[in-house]
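Below, each chain spelled out in residue letters.
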Amino acid sequence: MDKNGKIKGKVSIIDILVVLLIIAVIAGIAARYGSKVTTAVKSDKQFEYVLRVENVREYTVNALKKMGKVTDKKSEKELGDVVDVQVEKATQQSITASGEVKNPETPGRYTCFVTIRATGKESDDNYILHDSTELSVGRNIDLYTKYVKTSGDIKSVKVLD
């Protein structure tokens, strides 16, 4: 290295550091956006998921039975179709003074099992709707149709052939 900081008069240490920095940035970008991420998501799949909507009034039950398209919050993207609605009387767990657990019916309230057929992406771990909503059992999601806005927990998800 000479007095100007160049190795054999041609390349400086700063030049070497800049080249190493550029290589590190390229390696970081390749690791972040490499093929492993893009192969995790498979092609479009059609699937059905069942949403459990609890403790709703008869008005909501009737609105759900009208079926219809499921959309995102702003009604910009279609996310599927309601294809079936099963209704049960709602119950609420209570404990008596003696410590006994009971599940009496709640008057005027219902639990609905709403089956929705949707198209989205399948990955190794889950299913993803077109608005990036992840569908996994137990997750609470919002349900928007022309007739009703409510939410419920996902009870099951299955891929259709």
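Residues numbered from 1 in each chain as written. Predicted model: local features only at pLDDT ≥ 70, side-chain atom pairs only at ≥ 80, totals over all residues. Heavy atoms only, no water.

> Explanation requested: the nonpolar core in the structure shown.
Where a protein is soluble and globular, its nonpolar side chains tend to be buried together. Ranked by internal contacts, the top residues of the largest apolar core, which has 24 residues, are Tyr49, Leu51, Cys112, Val114, Ile116 and Leu135. For this core, the elements supplying multiple residues, two or more each, are β3 (41-56), α3 (58-65), β5 (78-91), β8 (105-123) and β11 (140-144). Ignoring sequence-local partners within four residues, the contact set of Leu51 consists of Cys112, Phe113, Val114, Ile116, Ile141, Leu143, Gly152, Asp153 and Ile154. (Core = buried A, V, L, I, M, F, W, Y, C linked by side-chain atoms within 4.5 Å. Buried < 20%, exposed > 50% of the residue type's maximum accessible area, 1.4 Å probe, protein only. Helix = DSSP H or I, 4+ residues; strand = E, 2+ residues; numbered from the N terminus. Contact = heavy atoms within 4.5 Å.)

> Hey, could you run me through unusual backbone geometry in this one?
Most peptide bonds take the trans configuration, and most residues that are not glycine carry a negative phi. Positive phi is not limited to glycine here, since Asn55 has a value of about 55°. Turning to its location among the elements, Asn55 is positioned in strand β3. In this structure, Met67 is a non-glycine residue whose phi angle is positive, near 60°. As for its placement among the helices and strands, Met67 is situated in the loop between α3 and β4 (69-71).

> What is the right way to look at the pattern of salt bridges in this model?
Once the charged atoms of two side chains with opposite charge are near each other, the side chains can pair. For the structure shown, the criterion picks out six salt bridges. The closest approach of N and O atoms between Lys69 and Asp81, which form a salt bridge, is 3.0 Å. Linking Lys69 in strand β4 with Asp81 in strand β5, this pair joins segments that are twelve residues apart in sequence. With a relative accessible area of 40%, Lys69 lands in the partly exposed category. (Salt bridge = Lys/Arg side-chain N within 4 Å of Asp/Glu carboxyl O.)

> Can you walk me through a nonpolar patch on the surface in this structure?
A surface patch of nonpolar side chains, amounting to about 590 Å² of accessible area, comprises Val11, Ile13, Ile16, Leu17, Val19, Leu20 and Ile23. Considering every element that reaches the nonpolar patch, the biggest residue donor is helix α1 (residues 13-32), with six residues. Among the structural elements, Leu17 can be located in helix α1. For Leu17, a relative accessible area of 53% corresponds to the exposed category. (Patch = residues over 30% accessible without salt bridge, like charges linked within 9 Å, V, L, I, M, F, W, Y side chains within 5 Å. Areas by Shrake-Rupley, 256 points an atom, 1.4 Å probe, with all protein chains shown as cover.)

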